[in-house]
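Examining the three-dimensional arrangement
So you can see what is in the structure, the chains are spelled out below.
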Amino acid sequence: MNKPALPYSRILLKLSGEALMGNAGYGIEPKTLRRITEEILEAQSLGVEIGIVVGGGNIFRGAGLSEAGMDRVTGDHMGMLATMINALALQDGIERIGGHARVMSALQIHQISEDYIRRRAVRHLEKGRVAIFSAGTGNPFFTTDTAAALRAIEINADMLVKATKVGGVFAADPVKDKNAKRYAELTYDKVLADKLQVMDATAIVMCRDNNLPIRVFDLNNPGALVQLVGGANIGTLVNGD
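Here's a quick rundown of the structure.

Take the overall build of the protein next. A count of helices and strands for the protein gives eight helices and 11 strands. The C-alpha radius of gyration of the protein comes to 17 Å, within 12% of the 18 Å expected for a compact globule of 241 residues. The principal-axis extents of the C-alpha atoms in the protein amount to approximately 50 × 40 × 35 Å. For the protein, the proportion of its 241 residues judged to be buried stands at 50%. Long-range pairs, those at least 24 residues apart, make up 70% of the contacts in the protein between residues at least 6 apart in sequence. Element-wise, carbon and sulfur atoms account for 50% of the exposed surface of the protein, whose accessible area totals about 11500 Å². Taken as two groups, the 27 positive and 26 negative side-chain charges of the protein have centres that lie 3 Å from each other.

Next up, the structure:
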């Protein structure tokens, strides 16, 4: 039986480190990790290739300590190592439920990960492996949002999928304002002009200049990633129209 045609053949999923915390408040909650990895593999089973960029905010935030006096470069390198921890957890979670994954790092840590090499990353995706990109861009002062945009463009992803804790992009904070308007669709320029909290400005500009659409959705909604991969119009779409 042939699988139905999908609107996307390859996506880049941006996960925050906080997404792995669940209700734990810090670190990685095993139950949440399993739910996320199961959904990733379910989406992949539809026929889409999936790359992941994961943050490290559940463990360490370099920018926060730099404000308290720590050297910013040192803090950012520590944050990159935190993303490595999360990437290894995702790899293990995916493999424990029967999937195949590879962690690729922008920093050289050969004992636990491969170096990020674009052509090798694409080959992993083509072979049905989930490619997990860690350590951001490998450079201080760049966020994992920017790393997600960069990796998505490099691997020729059809869409950058940003997982959040809310159902898309809102005109105001939906946690504080229950009547905040959710945008179904936005342009890159409106996101930048209105300073909407989608991704950082560098990431938005990179996506705009390379015509890479962004879909923002609620990861806490079970089945949302699978619906999105199947073409459902959920969350908020950011593009150039």
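Approximately 1200 Å³ is the volume found for the largest pocket. Forming the boundary of the largest pocket are 49 residues, of which Lys14, Arg61, Thr144, Asp145 and Lys162 lie nearest the centre. Sorting the residues of the lining of the largest pocket by element identifies α2 (62-67), α3 (72-96), α5 (144-154), β6 (159-164), β7 (169-170), α6 (188-193) and α7 (201-209) as the ones contributing at least two each. Of the residues contributing to the lining of the largest pocket, the split by class is 21 nonpolar, 17 polar and 11 charged. Here the second largest pocket defines a volume of roughly 230 Å³. Breaking the lining of the second largest pocket down by element, the ones donating at least two residues are α1 (30-45) and β6. Among the elements that make up the lining of the second largest pocket, the one with the highest residue count is α1 (three residues). Residue composition of the lining of the second largest pocket, by class: four nonpolar, five polar and five charged.

Take α1 next. For an α-helix the count is 3.6 residues per turn, leaving residues at separations of three or four pointing the same way. Spanning 16 residues, α1 covers 22 Å between terminal C-alpha atoms, matching the ideal 22 Å at 1.5 Å per step. All of the buried residues along α1 are Thr32, Leu33, Ile36, Thr37, Glu39, Ile40, Leu41, Ala43 and Gln44. Where α1 is buried, its residues contact β1 (10-15), β2 (49-54), α3, β5 (130-134) and α8 (224-229). The positive-phi residue at the C-terminal boundary of α1 is Gly47, with phi of around 120°.

This next bit is on helix α4 (residues 118-126). Three or more residues of α4 are buried, namely Ala121, Val122, His124 and Leu125. Along the axis of α4, the buried positions cluster into a sector of 155°, meaning they face one direction only. For α4, the secondary structure elements touched by its buried residues are β1, β2, β3 (101-105), β4 (114-115) and β5. Within two residues after α4, Gly128 carries a phi angle of roughly 85°, on the positive side.

Tallied over the full model, the rule gives 13 salt bridges. A salt bridge links Arg96 to Asp92; the shortest N-O distance between them is 2.6 Å. Pair noted here: Arg96 and Asp92 are both in helix α3, with a separation of four residues, about one helical turn. The exposed category is assigned to Arg96, whose relative accessible area is 55%. Looking at Asp92, the relative accessible area reads 38%, which means it is partly exposed.

Turning to the sheet that holds β3, a few remarks are in order. Spatial ordering of the open sheet is given by β4-β3-β5-β2-β1-β6-β10-β11-β9, a layout of nine strands whose pairing is mixed. In this open sheet, the two edge strands, each paired with only one partner strand, are β4 and β9 (185-187). Relative to strand β11 (residues 236-239), β9 runs parallel, the two being bridged by three bridges. Counted as the bridge partner of Leu186 is Val238 from β11. Against the sheet, α1 engages β1, β2 and β5, with an angle of about 150° to β2.

What counts, and at which threshold
Residues numbered from 1 in each chain as written. Predicted model: local features only at pLDDT ≥ 70, side-chain atom pairs only at ≥ 80, totals over all residues. Heavy atoms only, no water. Helix = DSSP H or I, 4+ residues; strand = E, 2+ residues; numbered from the N terminus. Rg over C-alpha atoms; globule rule 2.2 N^0.38 Å. Buried < 20%, exposed > 50% of the residue type's maximum accessible area, 1.4 Å probe, protein only. Contact = heavy atoms within 4.5 Å. Areas by Shrake-Rupley, 256 points an atom, 1.4 Å probe, with all protein chains shown as cover. Lys, Arg positive; Asp, Glu negative; His and termini not counted. Charge placed at Lys NZ, Arg CZ, Asp CG, Glu CD. 1 Å grid on protein atoms, 1.4 Å probe; cavity = no way out; pocket = protein on both sides within 12 Å on 5 of 7 lines; lining within 4 Å. Points joined across faces, edges and corners; volume = space filled by probe spheres on them. Nonpolar A, V, L, I, M, F, W, Y, C, P; charged D, E, K, R; others polar. Expected span 1.5 Å × (residues − 1). Arc of directions from axis to C-beta. Salt bridge = Lys/Arg side-chain N within 4 Å of Asp/Glu carboxyl O. Pairing = 2+ DSSP bridges. Axes fitted to C-alpha atoms, helices over the stretch in contact; angles between N-to-C directions.

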